[in-house]
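# Summary of the model geometry
Take a look at the letters that make up each chain.
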Amino acid sequence: MINVSGLQKNVHGEVMADEPTLIKYSRDASLFEVRPEAVVFPKDSADVQAVVKYVNQNKQSDPTLSITARSAGTDMSGGPLNESIIMDFTKYMGALISMDDQKGIAQPGLYYRDFEAETLKRQRILPSYTASKSLNTVGGMNANNSGGEKSIKYGKTERYILGQKVVLSDGNEYDIKPLTKAELDIKMQQQDFEGRLYKQVYDLIDMHYDEIQAARPHVTKNSAGYYLWNVWNRETGIFDLNKLLCGSQGTLALTTELEIGLVPVPKFSKMVVMYLPTIDRLGDVVDTVMKYEPESFESYDDYSMKLAIKFSFDFFSQLGFWGAIKLGIQFIPDMWQVITGGVPKLILMAEVTGDDEVEVLTRAQAIKTAVKPFKYKTHVARSAGEVEKYWKIRRESFNLLRKHVKGKQTAPFIDDIIVDPHQMPVFLPKLEAIINQYKLIYTIAGHAGNGNFHIIPLMDLNNPISSDIILELSKKVYTLVTEFGGSITAEHNDGIIRTPFLPYMYKPDIIQYFQKVKDIFDPLNIFNPGKKVGGSFDYIRSHLVQSHPVEHSS
Ligand SMILES: Cc1cc2nc3c(=O)[nH]c(=O)nc-3n(C[C@H](O)[C@H](O)[C@H](O)COP(=O)(O)OP(=O)(O)OC[C@H]3O[C@@H](n4cnc5c(N)ncnc54)[C@H](O)[C@@H]3O)c2cc1C
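## Quick look at the site of the ligand
Neighbouring the ligand are 35 residues, the closest being Ala69, Ser71, Thr74, Ser132 and Thr137. Separating an oxygen atom of the ligand from a backbone N or O atom of alanine 69 is a distance of 2.6 Å. Side-chain polar atom of serine 132 to an oxygen atom of the ligand: 2.6 Å apart, as the coordinates give it. Across the complex, the protein chains shield 98% of the 980 Å² of accessible surface that the ligand would expose by itself. Of all elements in the fold, only strand 3 (67-70), helix 5 (138-144), strand 13 (254-261) and helix 16 (384-404) reach the threshold of two or more residues within the shell around the ligand. Ranked by residues supplied to the shell around the ligand, first place goes to helix 5 with four residues.

## Some thoughts on the sheet that holds strand 8 (residues 161-167)
The strand order 5-6-13-8-9 describes an open sheet built from five strands, whose pairing is antiparallel. Of all strands in the sheet, those bounded by a partner on one side alone are strand 5 (96-99) and strand 9 (173-176). Here the average twist between neighbouring strands, direction ignored, is 15°. Across three bridges, strand 5 lies against strand 6 (residues 103-106) in antiparallel orientation. Paired with methionine 99 across the bridge in strand 6 is glycine 104.

## Side note on the environment of glutamine 60
Following the sequence through the fold, glutamine 60 ends up in the loop between helix 3 (45-58) and strand 3. Taking C-alpha positions, glutamine 60 is 33 Å from glycine 163, a pair spaced 103 residues apart along the chain.

## Topic: unusual backbone geometry
Non-glycine residue lysine 375 carries a positive phi angle of around 60°. Position of lysine 375 relative to the elements: it lies in the loop between helix 15 (357-370) and strand 18 (377-380). A positive phi angle, near 50°, is found at lysine 439, a position not held by glycine. Residue lysine 439 is classed as exposed on the basis of its relative accessible area, which comes to 74%.

## Overview of the side chain of threonine 157
Relative to the helices and strands, threonine 157 is located in the loop between helix 6 (151-154) and strand 8. According to the relative accessible area criterion, threonine 157 is buried, its value standing at 1%. In this structure threonine 157 touches Ser128, Met141, Asn142, Asn145, Ser146 and Cys246, once residues within four positions along its chain are discounted.

## Details of the packing of aromatic side chains
In total, this model carries 13 aromatic pairs according to the counting rule given. Both rings, one in tyrosine 25 and one in phenylalanine 41, keep their centres 6.0 Å apart while their planes meet at 80°; by these two values the pair is edge-to-face. With a gap of 16 residues between them, tyrosine 25 in the loop between helix 2 (19-24) and strand 2 (38-41) and phenylalanine 41 in strand 2 connect regions that are remote in the sequence. Neither residue differs from the other here; tyrosine 25 and phenylalanine 41 are each classed as buried. When the centroid spacing of 5.0 Å and the interplanar angle of 70° are considered together, the rings of phenylalanine 501 and phenylalanine 537 count as edge-to-face. Residue phenylalanine 501 is found in the loop between helix 19 (495-498) and helix 20 (502-505), and its partner phenylalanine 537 is found in helix 22 (residues 537-542); the two are separated by 36 residues along the sequence. In this structure phenylalanine 501 comes out as buried when scored by relative accessible area, which is 0%. Residue classification places phenylalanine 537 among the partly exposed positions, given a relative accessible area of 25%.

## Some remarks on a nonpolar patch on the surface
A cluster of nonpolar side chains, Ile325, Ile329 and Ile332, forms an exposed patch at the surface whose accessible area comes to about 270 Å². Within the secondary structure, isoleucine 329 sits in helix 14 (residues 320-340).

## Details of helix 7 (residues 181-189)
Of the residues making up helix 7, those classed as buried are Leu184, Lys187 and Met188. Looking straight down helix 7, one finds its buried side chains confined to an arc of 95°; they lie on one side. Of the exposed residues in helix 7, the ones pointing more than 90 degrees away from its buried face are Ala182, Ile186 and Gln189.

## Description of the pattern of salt bridges
For the coordinates displayed, the defined rule picks out 25 salt bridges. Across the pair arginine 541 and aspartate 468 runs a salt bridge whose closest N-O atoms are separated by 2.8 Å. Here arginine 541 is found in helix 22, whereas its partner aspartate 468 is found in helix 18 (residues 465-483), with 73 residues between them in sequence.

## Overview of the nonpolar core
Of all hydrophobic cores here, the largest spans 101 residues; its most connected members are Leu228, Leu241, Leu244, Met274, Leu282 and Phe521. The dominant element in this core, judged by the number of residues it contributes, is helix 18, at eight residues. Setting aside anything within four residues of it in sequence, one finds phenylalanine 521 in contact with Leu168, Ser169, Phe193, Leu197, Val201, Leu241, Leu244, Leu245 and Leu252. Residues Val273, Met349, Tyr390 and Ala445 belong to the second largest nonpolar core, which totals 27 residues.

## Comments concerning the packing of helix 11 (residues 282-290) against helix 17 (residues 424-436)
Closest axis-to-axis distance for the helix 11/helix 17 pair is 7 Å, and the angle between their directions is 145°. Contacts from Leu282, Gly283, Asp284 and Val286 of helix 11 reach helix 17 at Met424, Pro425 and Leu428. Of the residues in the contact of helix 11 with helix 17, the class split is five nonpolar, one polar and one charged.

## Some points on the layout of surface pockets
Reported here for the second largest pocket is a volume of approximately 400 Å³. Looking at the second largest pocket, it is lined by 20 residues, and the ones nearest its centre are Glu158, Arg216, Val219, Thr220 and Asn230. Considering each element in turn, the lining of the second largest pocket owes the most residues, four residues, to helix 6. For the lining of the second largest pocket, the per-class residue count stands at six nonpolar, seven polar and seven charged.

Rules of the game
Residues numbered from 1 in each chain as written. Predicted model: local features only at pLDDT ≥ 70, side-chain atom pairs only at ≥ 80, totals over all residues. Heavy atoms only, no water. Near = heavy atom within 4 Å. Polar contact = N/O pair within 3.5 Å; in protein donor to acceptor, adjacent residues only side chain to side chain. Areas by Shrake-Rupley, 256 points an atom, 1.4 Å probe, with all protein chains shown as cover. Helix = DSSP H or I, 4+ residues; strand = E, 2+ residues; numbered from the N terminus. Pairing = 2+ DSSP bridges. Axes fitted to C-alpha atoms, helices over the stretch in contact; angles between N-to-C directions. Buried < 20%, exposed > 50% of the residue type's maximum accessible area, 1.4 Å probe, protein only. Contact = heavy atoms within 4.5 Å. Phe/Tyr/Trp six-rings, centres within 6.5 Å; stacked < 30°, edge-to-face > 60°. Patch = residues over 30% accessible without salt bridge, like charges linked within 9 Å, V, L, I, M, F, W, Y side chains within 5 Å. Salt bridge = Lys/Arg side-chain N within 4 Å of Asp/Glu carboxyl O. Arc of directions from axis to C-beta. Core = buried A, V, L, I, M, F, W, Y, C linked by side-chain atoms within 4.5 Å. Nonpolar A, V, L, I, M, F, W, Y, C, P; charged D, E, K, R; others polar. 1 Å grid on protein atoms, 1.4 Å probe; cavity = no way out; pocket = protein on both sides within 12 Å on 5 of 7 lines; lining within 4 Å. Points joined across faces, edges and corners; volume = space filled by probe spheres on them.

What follows is the structure, encoded as structure tokens:
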């Protein structure tokens, strides 16, 4: 049992353990409910360090003590949930420290929406932003290695983390930067926690170099496991622990500051929209469109479209009177499609961008011509308002489902699979055949260009059979995904829901190296236990939420 007043004496921020706080922090956007014992709101890095030291000192007398970082809590995997201490970075550690055209320096609790407002003033952007960009923080994006609609061109968050400050498990703060081999050698000679950590991680990776390189998943995006293959590059001679920390879900360290790279925003864009009555030829369409190098290539399904029409008031209410009128007009053709039953199975949106307006339009029209043989209804979006409509539906599809479907809940457990898009013509029918055995209602939206689909079923989690279905269906889907050389999570990460499935994707030796990395960084297992290593199917079963989901209003 945590001694709340004892812990409070160590920090300037608050430590809270009242009922409403514990209830609030027992949920994220996943299908889990885990009740913590206390929530700490650190004022600064000194507070973070003090809590880590407190846990270290008391771990022997209370082995259940641990710390799980939380930023906005929009994680879909159970990543920010824990039975011991939750550390919320949004209350006091959400400052933008500085920005220029190349990078921004921010505290982890800074909401992405506030960060973006500043980057856009410079015509710059962090292009790995998520569909949850109005809700999440840069700290959560780093810890989950998040990606989004532009990742097909720009990659995920890992590419933009230039450096970070972290509190390691010894309770001290360190600067994490890419190191040359000469710099690494100096670091490894240090006779302290940091020096030993660098040496042990380097030795582990260098000793098993080829095996670790071979374990790299053959997909354009991956958030599963620890990315050991990205840390040490013998060819460039660069050793960068940021590549390991980004995506590690707070299991290795607590991030207190981030240096985030930015890219220029292209001046012009055009969207090509395709309506697919079936997904039979999806793989071929993706292949065709990808030749024109879209900046985004996204999709949503018929069910998402019907929800968007049904709850369009939700969209309109965020936009003010004239905004609502403008967007409302854009929805008229879609409403008509829903009324007449002419809703396509899947809508594909390919966006091309550049600084030359004519070239961008020519490329969009070239896509339209190239997909003509498929005989799908296709057009280049005519106005910014129309483009906004498609983005609204795509970005909001999961949120609409979470908020509005009564009696059932969104159950993200096969929510983020990815396979090489060339495999899709063979992969997708097999996937559909597996899911259809269970007669579930589900939406499919996602990043068609990467072969990354978010499949979110609706389930009654109070029904005991649901946990059987979740585990059985996950096993079947993840077996299929790994047979196709894919990843069980492209961007949402492992958390509680996928950690036990990592052995489906990685060989036993690689799983052992994951455990070794965890032991090197966190020998007492004080950071976010049960994620990345040490998860279990029993834990999944026993922590499925039984009530209705928490709304994210931030
Ligand atoms: C509607 C909706 C749409 C989404 N769309 C996308 C999408 O398009 N792409 C995508 O990648 N994800 C998506 N997600 C998932 C989620 O929004 C992202 O993973 C997001 O980046 C998490 O940020 P957060 O601030 O909410 O982090 P949290 O949920 O608070 O935490 C996420 C993880 O980071 C760790 N963490 C947080 N802060 C720190 C810190 N300071 N130090 C160390 N570890 C830390 C936590 O322990 C946890 O494991 C979506 C979620 C929702 C609800």
